[in-house]
Amino acid sequence: MEIPGIRSVEQLRSPGSGGETQELGKNEFLKLMIAQMNNQDPLDPAKNEDFIAQLAQFSTVEGIENLNGSMAGIASAMQSSLTIQASSLVGRSVMVPTSQTWVGSGGTSGSIDLPESSANVRVDISRANGEHIRTIDLGPRAQGRLRFAWDGRDAQGTQVPQGAYNITAHNMVGTTPIPLTINLPDEVVSVSIDKAGVMANLAGGSSIPAVQIQEIQ
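Rules behind the numbers
- Residues numbered from 1 in each chain as written.
- Predicted model: local features only at pLDDT ≥ 70, side-chain atom pairs only at ≥ 80, totals over all residues.
- Heavy atoms only, no water.
- Core = buried A, V, L, I, M, F, W, Y, C linked by side-chain atoms within 4.5 Å.
- Buried < 20%, exposed > 50% of the residue type's maximum accessible area, 1.4 Å probe, protein only.
- Helix = DSSP H or I, 4+ residues; strand = E, 2+ residues; numbered from the N terminus.
- Contact = heavy atoms within 4.5 Å.
- Phe/Tyr/Trp six-rings, centres within 6.5 Å; stacked < 30°, edge-to-face > 60°.
- Salt bridge = Lys/Arg side-chain N within 4 Å of Asp/Glu carboxyl O.
- Polar contact = N/O pair within 3.5 Å; in protein donor to acceptor, adjacent residues only side chain to side chain.

**So, the nonpolar core**
In this structure, Ile112, Val123, Leu138, Phe148, Trp150 and Ile167 are the most contacted members of the largest nonpolar core, which totals 19 residues. At the level of secondary structure, the elements contributing two or more residues to this core comprise β3 (108-114), β4 (118-127), β5 (132-141), β6 (144-150), β7 (163-173) and β8 (176-194). Not counting residues within four places of it along the chain, the set of residues in contact with Ile167 comprises Thr98, Ser99, Thr101, Thr108, Val123, Asp124, Ile125, Phe148, Trp150, Ile182 and Leu184. Listed in part, the eight residues of the second largest apolar core include Leu89, Val94, Val188 and Ile213.

**So, the packing of aromatic side chains**
On inspection of all chains with the given rule, the structure shows one aromatic pair. Residues Trp150 and Tyr165 carry aromatic rings whose centres are separated by 5.6 Å and whose planes lie at 70° to one another, so their mutual orientation is edge-to-face. Here the residue Trp150 occupies a position in strand β6, and Tyr165 occupies one in strand β7, the gap between them amounting to 15 residues. We note that Trp150, like Tyr165, is buried.

**Here we look at the pattern of salt bridges**
This structure, assessed with the given rule, holds five salt bridges. Note that Asp124 is salt-bridged to Arg122, the shortest N-O span being 3.1 Å. Using a relative accessible area of 11% as the deciding quantity, one classes Asp124 as buried. Between Asp151 and Arg134 there is a salt bridge; the shortest N-O distance is 2.7 Å. With Asp151 in the loop between β6 and β7 and Arg134 in strand β5, the pair connects residues that are 17 residues apart, well separated along the chain.

**Topic: the side chain of Thr101**
Mapped onto the secondary structure, Thr101 falls in strand β2 (residues 100-103). There is a polar contact of 2.3 Å between the side chain of Thr101 and the backbone oxygen of Pro185.

Geometry only, nothing functional implied.
Below is the structure:
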């Protein structure tokens, strides 16, 4: 015989009529257990062993909820701590994996991560509007981290004004450029928090997770 008003575990976990998902928490578990006891067959009541097993399940559900609450508190405290630590980066020059950076009058330097030996490494430099101004051929290089420097001059040898520039690196396989990860110096102007965690906002205009900072200069 179907007893109205009693919902199964699957029903409690499924979206309700209001469109919200109802999780089976300790309160819902207790209501379900009490409703089961109130509506049990008097000629075939629940055994003591079954009742004790249900109480054990109730304790487990309550323990999991308490654990989730504790972990959420720890995560919040850790994020606050990371934010405070990251705020000390404001005004500092850092090396980060980015293709855009602020370049002063003396040029800039950076590094390239080579996953394998490369026959011909090339660095391309362009203005923020995409105008290409210079290519630096670094030739064949071994696997590892390769450092390079740009003197701040274009292909004609003219010193470029300070500002934001795009710098990319490639491994040239014939005429095909294979992108490489490039790390460039930039200044941290502020830090913020979003879904990705603590973000470092750079003077060059980009934002990266603080955990991706390679060096602090």
